[in-house]
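# Structural characterization, general
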Amino acid sequence: MASFSLEADAALHPLQDASLGSMTMYVVPETSSLLPQGISVYVGKHRSALVRQLTQVMSFTASSISAALSDRVPNGQLGPDARRHLKSSLGYEITFSLLNPDPKSHAVDWDIEDAVNRYVQPVLDKLSLVANFSVDSQILYYAVLGVTPRFDKESSSFLLSAHSLPHVINPVEARLGSSAASLYPVLNFLLYVPERSHSPLYIQDKDGAAVSTNAFHSPRWGGIMVYNVEAPASPQVSLPLHVDVDMVRVMEVFLAQLRLLFGLSREELPPEFLLESPGNEGLADWELDRLLWAHTVENIATVSTTLTSLAQLLDKIGNIVIKDDVASEVYQAVASAQSAMAELAAGHLHLAFQASKEAVTSSERAFFDPSLLHLLYFPDDQKFAIYIPLFLPMAVPILLSLAKIVREARQRGTPERC
């Protein structure tokens, strides 16, 4: 019965308004067979929904707004997942890394290029409206997690508890290569094949239960998946053991983590709601619209924060001279931000997002202009501290000479007594 809804969604797609941010609602009779039994709302993977009655489906809740402004609202007002979302950026760099700490025992082969083309690239093609993406991969040998897992006698396996997972990131990140030279945020997705001495290795959640995916993700950083290798049937097998990674299973986990990083996790819905799977594209059209909306709001807030900070800093420097090109960037940032808000109010989501990006670019150019940086980092009190020790030795003999001249002038001006 659910296939009827999918066929209806595909058939209605050419008839819909394809503009970003739009949503077409189709009200069907209570007895319609287009919706499965017990389902009153069906949301397709494009920009349409079938409902048995008018229901508010696609509203943006307070939690979604707080997530978009997660850096600018008090902590007490944030939801539990608000700070896992990536900050809005003009681009992102994605790195897939295979960690093989025991190459003498395991010869791991992963077809990462084919996997990226088949599973990741369709998602990035759709996200190209949001930002630019670059993808690379690497294999790191003798790279360990840096945390010693606990051996469990009952299951004859090694366990990583939830409280030890935060300590895994730093030792691993030191081997990944510095991201300091990167212009954009770097997303790391690591596939870890444990050494024979720590196999099999399983991840536990906070309740001590095994994580079904054997993976975890770190907000705004990426994710790590532990890939266990089956022990050879015979202990006399020659080493290293050849391992072919099941890339379908791995990419399912990494794509789910990518969705979490971009704030595309789906909230719990009532049982009468049915959401269509986005398929190979990784995200539905309406999810892309929501992401564009959230990034637009965040960009506008970023521009407001940047220009306010710039005004406060410049207000403390009384003798500063603002160049015309800096002033022009400030005016451009304000105009673009106002345009973004106007387009957003009019429902022109793509135009609003483009204007918000222009506003962010102009505000950052003004804030980081080279003509302002040396003044911002050297206020007047620091200037006095630097120059007084240089001029004081020269000033002492000059002051003494002036004092001598004043005394001699006074002596010449005093009349002699008879």
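Cut-offs and rules
Residues numbered from 1 in each chain as written. Predicted model: local features only at pLDDT ≥ 70, side-chain atom pairs only at ≥ 80, totals over all residues. Heavy atoms only, no water. pLDDT = per-residue confidence, 0-100. Contact = heavy atoms within 4.5 Å. Core = buried A, V, L, I, M, F, W, Y, C linked by side-chain atoms within 4.5 Å. Buried < 20%, exposed > 50% of the residue type's maximum accessible area, 1.4 Å probe, protein only. Helix = DSSP H or I, 4+ residues; strand = E, 2+ residues; numbered from the N terminus. Domains from an automatic or database assignment. 1 Å grid on protein atoms, 1.4 Å probe; cavity = no way out; pocket = protein on both sides within 12 Å on 5 of 7 lines; lining within 4 Å. Points joined across faces, edges and corners; volume = space filled by probe spheres on them. Nonpolar A, V, L, I, M, F, W, Y, C, P; charged D, E, K, R; others polar. Expected span 1.5 Å × (residues − 1). Pairing = 2+ DSSP bridges. Axes fitted to C-alpha atoms, helices over the stretch in contact; angles between N-to-C directions. Parallel < 35°, antiparallel > 145°, perpendicular 65-115°, else oblique. Left-handed = near helix turned anticlockwise from the far one by under 90°.

Let us now look at the confidence of the model for the chain. Taken residue by residue, the chain gives an average pLDDT of 81. The fraction at 70 or more is 81%. The model gives residues 55-60 a pLDDT under 50, and that stretch makes eleven contacts with residues more than four places away or in other chains. With pLDDT under 50 throughout, residues 71-80 is counted as low confidence; its partners more than four residues away or in other chains account for 15 contacts.

The next point concerns the nonpolar core. Soluble globular proteins tend to pack their nonpolar side chains together in the buried interior. In terms of nonpolar packing, the biggest core is built from 46 residues, with Phe-96, Leu-191 and Phe-262 touching the most fellow members. Of all elements in the fold, only β4 (91-100), α3 (112-127), β9 (186-192), β13 (241-244), α5 (247-261), α6 (285-315) and α8 (349-367) reach the threshold of two or more residues within this core. Two domains each put at least three residues into this core: domain 2 (91-262) and domain 3 (285-376). Among all residues touching Phe-96, those that are not within four sequence positions of it are Trp-110, Ile-112, Val-116, Val-120, Val-135, Asp-136, Ser-137, Gln-138, Phe-189, Met-251 and Phe-254. One finds Leu-140, Leu-160, Val-172 and Leu-201 within the second-largest nonpolar core, a separate group that totals 20 residues.

Note on placement: Phe-133 falls in strand β6 (residues 132-141). Phe-133 has contacts with Tyr-92, Ile-94, Leu-124, Leu-127 and Phe-262, leaving out every residue within four places of it along the chain.

Here we come to empty space enclosed by the protein. As enumerated under the stated definition, the model contains two cavities of 30 Å³ or more in all. Of the volumes computed, that of the largest cavity is approximately 60 Å³. In terms of lining, the largest cavity is formed by Val-123, Leu-127, Leu-255, Leu-258, Arg-259, Phe-262, Leu-264, Gly-282 and Leu-283. For the lining of the largest cavity, the leading source of residues is α5, giving three residues. In terms of residue class, the lining of the largest cavity is built from seven nonpolar, one polar and one charged.

Its 31 residues place the ends of α6 45 Å apart at the C-alpha level, agreeing with the 45 Å of an ideal helix rising 1.5 Å per residue. Of all the 31 residues making up α6, 22 are buried; the element is thus mostly covered by neighbouring parts of the structure.

So, on to the side chain of Asn-188. Relative to the helices and strands, Asn-188 resides in strand β9. The exposure class assigned to Asn-188 is buried, which follows from its relative accessible area of 7%. Ignoring sequence-local partners within four residues, the contact set of Asn-188 consists of Thr-95, Leu-176, Trp-221, Gly-222 and Gly-223.

Attention shifts here to the sheet that holds strand β1 (residues 24-27). Read across the open sheet, the four strands follow the order β1-β3-β2-β14; overall the sheet is mixed. Looking along the sheet, the strands with just one partner apiece sit at the ends: β1 and β14 (273-275). Looking at each pair of strands side by side, their axes are set apart by 15° on average, direction ignored. Both strand β2 (residues 41-43) and β14 contribute to a ladder of three bridges, which runs parallel. Residue pairing across strands places Tyr-42 opposite Leu-274, the latter belonging to β14.

Our next topic: the packing of α6 against α8. Taken N-terminus to C-terminus, the directions of α6 and α8 make an angle of 25°; their axes are 9 Å apart at the nearest point. With respect to α8, the element α6 is oriented roughly parallel. The two elements α6 and α8 cross, and the hand of that crossing is left-handed. When grouped by side-chain class, the residues that make up the contact of α6 with α8 number 14 nonpolar, seven polar and two charged.

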